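Topology and contacts: notes
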Amino acid sequence: MTNTNDRPIDTSPSVGDEVKHTTCYMCACRCGIKVYLQDGEIRYIQGNRNHPVNKGILCAKGSAGIMNFKSPAKLSKPLKRVGPRGSGEFKEIEWEEALDTATAWLARCRATNPRKLAFFTGRDQSQSLTSWWAQQFGTPNFSAHGGFCSVNMAAGGLYTIGSAFWEFGEPDWENTKYFLMFGVAEDHDSNPIKKGIGHLKTRGAKFVSVNPVRTGYSGVADEWIGIRPGTDGLFVMSLIRELLRAGTIDEEYLVRYTNVHWLVIRNEGGADHGLYIRDENGAAQCWDGEKQALAVNTDVNAKPILMGEVTLPDGRKAVPAFQLIAEQYLDDQFAPEAVAEKTGISADTIRRIAAELADVAFQQSIELPIEWVDTFGRKHDKVIGRPVAMHAMRGISAHSNGFHTCRAIHILQLLLGSIDVPGGMRYKPPYPKALYSLPKPFGKDREVQPNTPLAGPHLGFPMAPEQLLIDDDGKAMRIDKAFSWEAPLATHGLMHMVITNAWKGDPYPIDTLFLYMANMAWNSTMNTSKVMDMLTDKNEETGEYKIPRIIYSDAFYSEMVPYADLILPDTTYLERWDCISLLDRPISHADAAADAIRHPIVEPDRDVRCFQEVLLDLGARLGLNGMMNDDGSPKYPGGYADYITNHERRPGLGPLAGWRGKDGTEHGRGDANPDQLKRYVENEGFWEYTLPEAHRYYRFANKGYLEWAETMAFTTNADQIVMKIYSEALQKFRLAAQGHGDVQPPDSERERIETYASPLPIWYPPVEEQMVDEAAYPLHAITQRPMHMYHSWGSQNAWLRQITGDNRLYMSREKGAELKIETDDWVWVISHNGRIKVQVALMDGVNKDTVWTWNAIGKRPGAWNLDADASEGRKGFLLNHLISELLPEKGDGYRYSNSDPLTGQAAWFDLRVRVEKASVADEGVIEPAFQPTAKPPGMSHPPEVLKYGETFRKTREKEPSA
Ligand code: SF4
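What you see is a predicted model, and the numbers here were worked out from it, not measured in a lab.

**Quick look at the overall build of the protein chain**
- When helices and strands are tallied, the protein chain shows 27 helices and 34 strands.
- Its C-alpha atoms put the protein chain at 85 × 70 × 65 Å along the principal axes.
- Looking at the 962 residues of the protein chain, the share that counts as buried comes to 64%.
- Intrachain contacts of the protein chain at a sequence separation of at least 6 include 70% that bridge at least 24 residues.
- Averaging the locations of the 106 positively and 127 negatively charged side chains of the protein chain gives two centres separated by 2 Å.

Below, the structure written as structure tokens:
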């Protein structure tokens with residue numbers, strides 16, 4: 001082909017002279033990427049077609065990773081604060097000084113009281129290392145970002161089906177005929193969902209999206225249900241009612257794999273009310289209707305009853321758990337007509353969706369001729385698929401009723417028999433896991449001693465009040481109050497409460513706050529303006545900051561940087577080693593266990609170090625177990641790559657499962673292999689073990705799978721993992737609140753625990769909604785995340801900024817007409833916590849009682865090395881200023897955290913607001929407005945015009961044409 005100048009046009013130009021495979025980190029999905037380099041410089045990023053996560057698909061964020069690497073906001077050297085906190089005045093220091101300073105601060109905490117260190121990380125992907133480090137340090141005050149992200153999804157899933165959505169389970173995209181999705185923003189399981197929806201569309205499967213806002217996935221759904229925020233639980237319970245009424249449930253599946261037949265004691269007011277009938281070995285019992293006798297729940301020959309009360313020989317009365325389910329959900333409060341107004345979904349629609357679910361599950365079931373053996377040794381010649389799959393995320397999780405709603409969604413799937421079957425929601429190894437076998441949290445008084453590691457992990461899964469981290473008075477033992485009566489199942493901690501609690505000294509003051517990749521002075525925090533004040537607030541008597549020392553590690557000049565005293569600059573994901581481990585959140589999919597690495601594609605051009613390497617260095621300097629040799633030398637002198645290769649959590653069990661053993665022939669367990677990382681690099685950055693067909697379904701009761709899972713240390717034994725529709729663990733908390741047992745809540749907490757610790761899912765209005773005046777704040781306010789941005793990571797990216805550089809408050813046209821507000825009008829948005837002034841855009845496709853905006857587009861002027869007048873600072877805004885981390889005062893002066901009362905999940909989406917048109921005089925400027933912070937030394941001025949491709953074009957033009 002030629003152009004008009006007769007110059008040949010190269011229709012397939014080479015995009016580089018070298019290609020390297022690694023793992024994307026522009027969001028949390030961990031897609032495989034091919035990075036093309038030219039003359040050693042990054043030229044182009046492409047999806048890796050061989051990679052299990054994305055099969056070649058690359059999103060806008062992934063391809064724009066080049067601009068994160070090229071970002072002028074990158075930090076370039078360790079920094080020490082020289083001006084007041086918040087000013088951004090720093091001086092550059094050498095790494096030795098930075099590490100000496102950090103070591104001195106940390107050592108003092110450790111030698112006196114390890115609780116004085118609060119170590120919290122954001123959306124990093126090395127939690128198996130960071131948690132291990134904190135455990136060796138000895139502080140109980142550690143968690144990652146899960147508490148403000150989606151702990152309701154994790155806890156709700158693990159307490160019910162031994163797994164969860166996204167990283168722990170996925171829809172069977174190949175076989176699903178009906179996909180019901182609740183509250184999913186475009187970033188959670190991004191490319192895999194796009195790929196999956198593509199499969200559904202190709203096959204003509206139905207996709208129903210339940211979300212107050214019709215963007216992203218909801219925009220391509222076959223049916224969009226614009227539900228009122230926080231009412232998904234009601235909708236689901238109404239669906240459950242309809243299935244129960246119609247009898248369209250999978251009884252055989254329920255009895256085989258769940259606890260519906262387990263006998264539950266009926267002894268209202270007694271200490272055993274609601275607990276299972278157990279035999280002398282502790283095994284839960286059922287009632288064999290044929291023999292009219294008790295039987296062990298695992299007795300495959302028993303014919304357990306599902307309804308009816310039985311009187312045991314000892315006089316106790318009990319009913320099968322299923323009877324309690326029926327009693328609870330057949331109640332008229334869940335009738336479609338009763339929930340229609342609250343949910344905004346018509347009764348007809350609810351009935352139709354229930355009928356569609358039942359029709360697909362039972363009239364369009366699938367049978368695959370796959371032989372498998374169950375945990376009782378019975379051979380089966382097929383697997384039966386109920387091709388209904390569900391997926392849920394932030395829209396459920398970020399409400400204070402999200403834990404119960406998530407449990408209800410799983411129970412809906414269980415009633416249909418659609419968990420881990422063809423066409424249903426399928427587990428990803430290393431899940432499922434038995435709840436009883438999961439760790440319990442450590443951090444009680446006697447477990448925290450100076451210069452001593454914690455004997456176990458910080459985070460765990462309490463099964464009874466005795467496992468809470470509370471003192472004799474029932475007071476919280478962690479800075480975030482996780483695992484206290486305020487958040488007994490806070491399995492991911494409450495990161496959103498750390499700064500407030502530390503500032504208040506409640507339950508105690510700390511000395512050093514150590515944060516990684518967590519923009520806690522901006523979009524990762526509630527009540528942003530007030531939190532900035534807390535970070536700079538001083539003790540009047542001592543003149544010292546109330547949070548005395550803050551260490552922060554980030555690759556970029558985020559809004560949090562000016563609020564730290566010591567900055568440890570991190571690398572970008574293209575400059576580092578990393579592992580995406582089966583010990584953490586791997587890249588497995590339903591048919592395979594898999595893990596992955598990142599490796600340096602280019603060397604850093606600045607004086608920065610990978611945070612994980614710094615953490616290991618600090619660990620060695622502090623003499624932490626496992627990080628220092630007996631002679632005092634560092635255990636991992638080769639840094640993070642050395643750790644990834646040689647660390648063993650247990651004998652033969654390391655961060656990576658592939659190519660273990662001295663010669664690399666073992667997988668899962670085996671000695672460290674010095675060439676392991678080389679083998680990963682050669683294999684395009686990942687390891688994948690495809691399960692034999694016989695191990696791919698019913699994995700909670702699949703003998704072959706569970707035996708293999710035990711050898712991989714995914715499970716502690718190969719016993720059946722019974723799914724828990726009825727939760728005895730929650731009943732134990734309720735009994736404690738009712739005055740039973742050795743560990744009981746203080747009187748002030750009894751009612752709250754009794755209400756929320758329900759053994760079957762309940763629905764209640766979001767807690768903030770219960771406490772504020774609905775007439776004064778009639779609207780719900782939520783955020784959505786654009787497909788092309790992830791947290792605040794994207795909106796400093798030169799290419800992604802061009803897609804969305806500012807945000808509006810979106811409102812339905814109907815509501816706009818009612819309030820006489822038009823597109824471009826300026827409005828005040830007012831909550832019980834404050835007000836912001838922003839511009840409106842009217843739209844279709846939003847629940848009429850809901851306003852929303854894009855998350856994390858607004859930036860503080862000066863941060864991220866953006867121009868002082870960049871649109872993100874002038875026209876972008878955060879809803880966070882309106883969201884309080886504390887609920888309104890409850891009557892005795894105390895303010896609970898704005899969280900799910902069981903899991904402590906940050907209730908971002910409970911926000912209630914009113915919207916008022918701003919006066920003409922108030923138009924034109926976003927409020928609150930912030931002064932720009934100073935730029936740190938060494939941060940160059942960004943180019944006026946970015947011409948990234950220019951260099952490569954010039955190089956190409958110099959080359960002789962082919
Ligand atoms: S979804 Fe996009 S940003 Fe996220 S890991 Fe995959 S390619 Fe990267």
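**Points about the pairing of strand β3 (residues 41–47)**
- Note that strand β2 (residues 32–38) and β3 share 6 bridges and pair antiparallel. Within the sheet, the bridge partner assigned to Lys 34 lies in β3 and is Gln 46.
- Hairpin connection, β2 to β3: the antiparallel pair is bridged by 2 residues, and Asp 39 has positive phi, about 50°.

**Points about the site of the ligand**
- All residues adjacent to the ligand are Cys 24, Met 26, Cys 27, Cys 29, Arg 30, Cys 31, Leu 58, Cys 59, Lys 61, Gly 62, Ser 190 and Asn 191.
- Of all the elements in the fold, those that place two or more residues in the shell around the ligand are α1 (60–63) and α6 (190–203).
- Across the shell around the ligand, the residue classes break down as 7 nonpolar, 3 polar and 2 charged.

**Describing the packing of helix α17 (residues 611–622) against helix α18 (residues 639–646)**
- Where α17 meets α18, the closest approach of the two axes is 7 Å, and the angle between their N-to-C directions is 80°. Comparing their axes, α18 and α17 come out roughly perpendicular. Of the residues in α18, those touching α17 at Gln 612, Glu 613 and Leu 616 are Gly 639, Tyr 640 and Tyr 643.
- Residue composition of the contact of α17 with α18, grouped by class: 3 nonpolar, 2 polar and 1 charged.

**A few points about the nonpolar core**
- Grouped together as the largest cluster of nonpolar side chains are 250 residues, with contacts concentrated most on Trp 133, Phe 182, Phe 235, Leu 357, Phe 514 and Phe 700.
- Once you skip the residues sitting within four places of it in the chain, Phe 700 turns out to touch Tyr 253, Tyr 257, Ile 419, Asp 420, Tyr 427, Pro 432, Leu 706, Gln 720, Ile 721 and Met 723.
- Of all hydrophobic cores here, the second largest spans 29 residues; its members include Trp 485, Phe 733, Val 767 and Leu 902.

**Things to note about the packing of helix α8 (residues 232–246) against helix α14 (residues 402–415)**
- Across the interface, α8 lies against α14 with an axial gap of 9 Å and an inter-helix angle of 25°. By the criterion of interaxial angle, the relationship of α8 to α14 is roughly parallel. In terms of crossing hand, the pair formed by α8 and α14 is left-handed. Together, Asp 232, Gly 233, Val 236, Met 237, Leu 239, Ile 240 and Leu 243 of α8 and Thr 405, Ala 408, Ile 409, Ile 411, Leu 412 and Leu 415 of α14 make up the contact between the two elements.
- Residue composition of the contact of α8 with α14, grouped by class: 10 nonpolar, 2 polar and 1 charged.

**Here's the deal with the sheet that holds β2**
- In spatial order, the strands read β1-β2-β3; together these 3 strands make up an open sheet with antiparallel pairing. The sheet is open, and its two edges are formed by β1 (18–23) and β3, each paired on a single side. Taking the axes of each pair of neighbouring strands and ignoring which way they run, one obtains an average angle of 30° across the sheet.

**Details of the packing of aromatic side chains**
- Counted according to the given criterion, the structure contains 42 aromatic pairs.
- With a centroid separation of 5.5 Å and 50° between ring planes, the pair formed by Phe 119 and Phe 142 is classed as tilted. Residue Phe 119 is found in strand β6 (residues 117–121), and its partner Phe 142 is found in strand β7 (residues 142–143); the two are separated by 23 residues along the sequence. Residues Phe 119 and Phe 142 agree in their burial class; the two are buried.
- When the ring of Tyr 159 is compared with that of Phe 461, the centres are 6.2 Å apart and the planes differ by 50°; the resulting orientation is tilted. Taken together, the positions of Tyr 159 in the loop between α5 (151–158) and β8 (169–171) and Phe 461 in the loop between β22 (425–427) and α15 (498–504) put the pair 302 residues apart, joining distant regions of the chain. Considered together, Tyr 159 and Phe 461 belong to a single accessibility category, that of buried residues.
- Ring-pair connections join several aromatic residues into one group, and the members of that group are Phe 119, Trp 133, Phe 137, Phe 142, Phe 514, Tyr 516 and Phe 611.
- Here the basic side chain of Lys 74 rests over the ring of Phe 69, its NZ or CZ set 4.8 Å away from the ring centre.
- Lying across the ring of Tyr 545, Arg 85 places its NZ or CZ 4.2 Å from the centre.

Reading guide: rules and limits
Residues numbered from 1 in each chain as written. Predicted model: local features only at pLDDT ≥ 70, side-chain atom pairs only at ≥ 80, totals over all residues. Heavy atoms only, no water. Helix = DSSP H or I, 4+ residues; strand = E, 2+ residues; numbered from the N terminus. Buried < 20%, exposed > 50% of the residue type's maximum accessible area, 1.4 Å probe, protein only. Contact = heavy atoms within 4.5 Å. Lys, Arg positive; Asp, Glu negative; His and termini not counted. Charge placed at Lys NZ, Arg CZ, Asp CG, Glu CD. Pairing = 2+ DSSP bridges. Near = heavy atom within 4 Å. Nonpolar A, V, L, I, M, F, W, Y, C, P; charged D, E, K, R; others polar. Axes fitted to C-alpha atoms, helices over the stretch in contact; angles between N-to-C directions. Parallel < 35°, antiparallel > 145°, perpendicular 65-115°, else oblique. Core = buried A, V, L, I, M, F, W, Y, C linked by side-chain atoms within 4.5 Å. Left-handed = near helix turned anticlockwise from the far one by under 90°. Phe/Tyr/Trp six-rings, centres within 6.5 Å; stacked < 30°, edge-to-face > 60°. Lys NZ or Arg CZ within 6 Å of the ring centre and 35° of its normal.

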